[in-house]
Amino acid sequence: MADVEKGVFDRATTAPIHPLLYYLYRQGYQPSIAGNQTVMKRLVHIFILLTVFSFAARASHITGGEMYYTFTGFSNGMYQYNVTLKLFQRCGSGRQFPNPAIISIFDKTNNARINDLTISISNTETISITNPDPCITNPPTVCYDVAYYSFTVSLPGSAAGYVMASQVNYRIAGINNLTPGYNNIGATYTAEIPGNSPISNGPENNSATFNGNDLVIVCANNNFTYSFAAQDADGDQLLYSFCGAYASTSGGGGGAVPTNPPPYPEVPYAFPDFTDTAPLGNAVLVNPTTGLVTGIAPPQGIYVITVCVDEIRNGVVIARQRKDVQINIADCSIASASLLPEYFLCKDFTTTIANQSQSPLIISYDWEIKDNTNAVIVTGTAPSITHTFSAAGIYTVKLVINRNQPCSDSTTALIKVFPGFVPDFSSTGICVTKPTLFTDQTLSVYGIVNAWTWDFGETSTLTDNSIIQNPAYSYPLSGIKNVRLIVTDTKGCRDTVYKDITILDKPLLTLGFTDTLICVNDYLMLQASGNGNFSWSPPVNIINANTATPIVSPAATTTYFVDLDDNGCRNRDSVKVRVVSFVSLQTMNDTIICKGDTIRLSVISDGLQYAWTPAVQIIDPLVQNPFVFTNSLTDYEVTAIIGGCSATDKIRVTPIPYPVANAGADVEICYNSPVQLNGSTDGNSWIWAPANLLNDARILNPLSYPPRTTNYILSAYDTKGCPKPGRDTIQVTVLPKMKVSAGRDTAVVTGQPLQLNAHGGIAYTWYPAVHLSADNIPDPIAMFTNPTASIQYKLVAFSEEGCRDSAYITIKVYKTLPTVFVPSGFTPNNDGKNDVLRPIAVGIKHIDYFNIYNRWGQLLFSTQINGAGWDGKINGQPQATGTFVWMVKATDYTGAAYFQKGVVSLIR
């Protein structure tokens, strides 16, 4: 044991001393209560520094591990072994392996601690995939740093053998198949040394050693294989299985923390999608003979998987070894023919099967489905194949991808067609702590149901399950339980059904009524419902007291109690039966209504039933307070009934006509014109609304000034008895405002004919008529022989409805040749005076262009519109004081060309 430093223990408790204190001990510090104070302070400082270092060195990068050993001999009553702890971490993690590691040894007879060994790293290596398969798209980097901790150990014989264990804190974060929310989950790696019972040579054992390749690329939702094969130098039979990964037994610190004695806790798997026996889901299996893990990988993420291998010698399991790794399932794809091992059609005869691989490298598909005689019944070349089978049975599907192309692959799978498999169950018993009986009602047309997995939906425990066909379960808590049943049959069909059941603290008891009236000497059937046995009390004037619907006839008011017993689960309720000798009935006073209205009659009574007449005028003659309608004086009679007792009374209803209101006929008016309303009534008071648009809302013929189309309501009142007003409505439609135009103001020269253009009406009159060719047409010609500063014409236009409106045009007359006037300067200072440089055309038919240039000939402004001008800005920026050149080209009213240029001063 030259390579081993023995563990250090507190002799008073035999508990292992913390590795940090052990480190201090190795440095030569041995403090005591009476020790030197300076030494004690140094110890405290060193302890704090080492504690900080310990937390900084947490092994949250460790991705897997295993432990194995070889038997080297027996000497002086001791069995000797060479042991290796092997840890994995991803390349480039920037973290260090725990160094040293602590390996604890426990006697399996009583789980007593034998030793804690502090072991340093013996050697390390880096393994990686350097040339990934070209048929993998987007392959991930697969690279691991591996650390080996090798040592020798000598142990005496033990009947049960030994467990060697080492823990790390923590695993890498974000493991997808563990329960969300659990953080800082550690790992424990173990190896078992057999005892000498029942196999005497058990301690002379070489452990099964995993020798599969750990450089595996696993792509999400793709087929994959991962070998967990092991070799055994002793030739023992090996049996492989998935098993639960171990968590650490103590948190905090780095890797150098001794484990607690076994048994070891498992990590919390994200049930039901992942479990210790299905760590990658139900689509991934491990071959119990070869240790080969195969199947369809789950979605992208990190998953922990542990494979156990049992060493079997002479038919006896002598030891179990474990390999625990965290697999990085990547977002890549493999060009492969990938199908599920089997496809089950347990509901109908139609299936659609698609290649599990979605690789972009797949360019062709060849499908064929064969029956049990190996005859091809359907083929296809699409990414998926759909087929409806004509008969039940077992068929074979084959897929070939990229036939005669790179990345070619093929596979086959079975299709088991056995429709008519319908999972179902029923339950009885709903009381907490009492048995609830579950009955399987699954239907299988072609097979026999042979397996059941029940989950009774009790969230407070993990033991609410069963595998028998018709189980019973007693719920500890009330509430809604989501019960799940998974069933399979002899044909391989498997399905799941969920149902909610409600567990109560007492059975559900429902009464038809809880308080009622009967007449003396009447009989009454009480009404209750629920599951179980009924019992009514007191046993007075009651028939069939042990049923849900007994008959009672009490002589006086009595409260009857009902007890319901459902297999010892009990509930109680009561019904009060009030006994009367007469019916109380008080009707409302006689009333007046407006003719044509409905009114609700009301009575105060303890009756249970009512009958009103005359029924033809009553909306519901059997209710206590019905609505009635009548146009004539009517006496309504009501009878209130309690069994054999009754009472009758009457209510008189007198209808009075509404006051007559007549607002007059609807009318149309011109825009902005008044109209006089003319209403009439037989009432003695009235009012119009809206009042704010009338000169007087309290007269029958007010003057209206509506700004828009308006409805005026005339309400009339009288004193004849009808309290409501009679109403009528008149709509005053306001015609749209006329859009009359006489044209834009303009300027002409003497002798130039000017054609006016009116718009917005159907008839026109111009004022004055002088200088016009006509005064009653929309487009007269104006001709001026003498100059004038201005002359204004008024245009009156008439609409089709007879409305009128007016517009004006001003014309300046110059005694000059046709020209374009341009000022010599302008002051664009936003004072509203001379802010814009505009061309003023006189005698001009149209302007071809009016351009403004700066001193360098740059065009600053251009327009073809008479009167449009430049504001002294370029791109929104005001120009400084200066001189600018303008040019104008136009055509005068005679058709002659006109050109002129000049300068203008911009003054600021």
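Quick notes on the rules
- Residues numbered from 1 in each chain as written.
- Predicted model: local features only at pLDDT ≥ 70, side-chain atom pairs only at ≥ 80, totals over all residues.
- Heavy atoms only, no water.
- Helix = DSSP H or I, 4+ residues; strand = E, 2+ residues; numbered from the N terminus.
- Buried < 20%, exposed > 50% of the residue type's maximum accessible area, 1.4 Å probe, protein only.
- Contact = heavy atoms within 4.5 Å.
- Areas by Shrake-Rupley, 256 points an atom, 1.4 Å probe, with all protein chains shown as cover.
- Disulfide = S-S within 2.5 Å.
- Salt bridge = Lys/Arg side-chain N within 4 Å of Asp/Glu carboxyl O.

Peer 1: Can you walk me through the overall build of the protein chain in this structure?
Peer 2: When helices and strands are counted, the protein chain shows two helices and 75 strands. Seen through its C-alpha atoms, the protein chain measures out along the principal axes to roughly 145 × 115 × 90 Å. In the protein chain, which comprises 908 residues, the share counted as buried stands at 44%. Considering only intrachain contacts with a sequence separation of at least 6, the fraction spanning at least 24 residues in the protein chain is 62%. Carbon and sulfur atoms make up 51% of the accessible area of the protein chain, which amounts to about 45,700 Å² in all.

Peer 1: Is there a simple way to explain the state of the cysteines in this structure?
Peer 2: A covalent bond bridging the sulfur atoms of two cysteines is what the word disulfide describes. What the rule picks out here adds up to nine disulfides. A sulfur-sulfur separation of 1.9 Å characterises the disulfide bridge that pairs Cys-243 with Cys-308. Judged by the torsion about the S-S bond (85 degrees), the Cys-243/Cys-308 disulfide is right-handed. One end of the pair, Cys-243, is in the loop between β14 (237–242) and β15 (284–286); the other, Cys-308, is in strand β17 (residues 301–313), with 65 residues separating them in the sequence. By relative accessible area, which is 0% here, Cys-308 ends up buried. The residue that forms a disulfide with Cys-670 is Cys-803, at a sulfur-sulfur distance of 1.6 Å. Disulfide Cys-670-Cys-803: the torsion about the S-S bond is -95 degrees, which places it as left-handed. With Cys-670 in the loop between β54 (667–669) and β55 (675–676) and Cys-803 in the loop between β65 (788–798) and β66 (804–814), this pair connects stretches of sequence that are 133 residues apart.

Peer 1: Explain the pattern of salt bridges to me, please; I cannot follow it from the model alone.
Peer 2: Pairing between side chains of opposite charge can happen when the charged atoms of each approach one another. Enumeration according to the criterion identifies 21 salt bridges in this entry. With its nearest N and O atoms 2.7 Å apart, the salt bridge here joins Asp-495 to Lys-347. Placement of Asp-495 in strand β35 (residues 494–503) and of Lys-347 in the loop between β20 (342–345) and β21 (350–354) is noted, with a sequence separation of 148 residues between them. In this structure, Lys-370 engages Glu-368 in a salt bridge whose closest nitrogen and oxygen atoms are separated by 3.6 Å. Among the charged side chains, a salt-bridge network with shared partners connects Glu-66, Asp-214 and Lys-323.

Peer 1: Can you walk me through the environment of Pro-778 in this structure?
Peer 2: Take Pro-778: it is sitting in the loop between β63 (763–767) and β64 (781–782). Residues Pro-778 and Gly-760, spaced 18 residues apart in sequence, show a C-alpha to C-alpha distance of 9.8 Å. Each residue touching Pro-778, except ones within four places of it in the same chain, is listed here: Leu-756, Asn-757, Ala-758, Tyr-764 and Trp-766.

Keep in mind that these numbers describe shape and distance, not what the molecule does.
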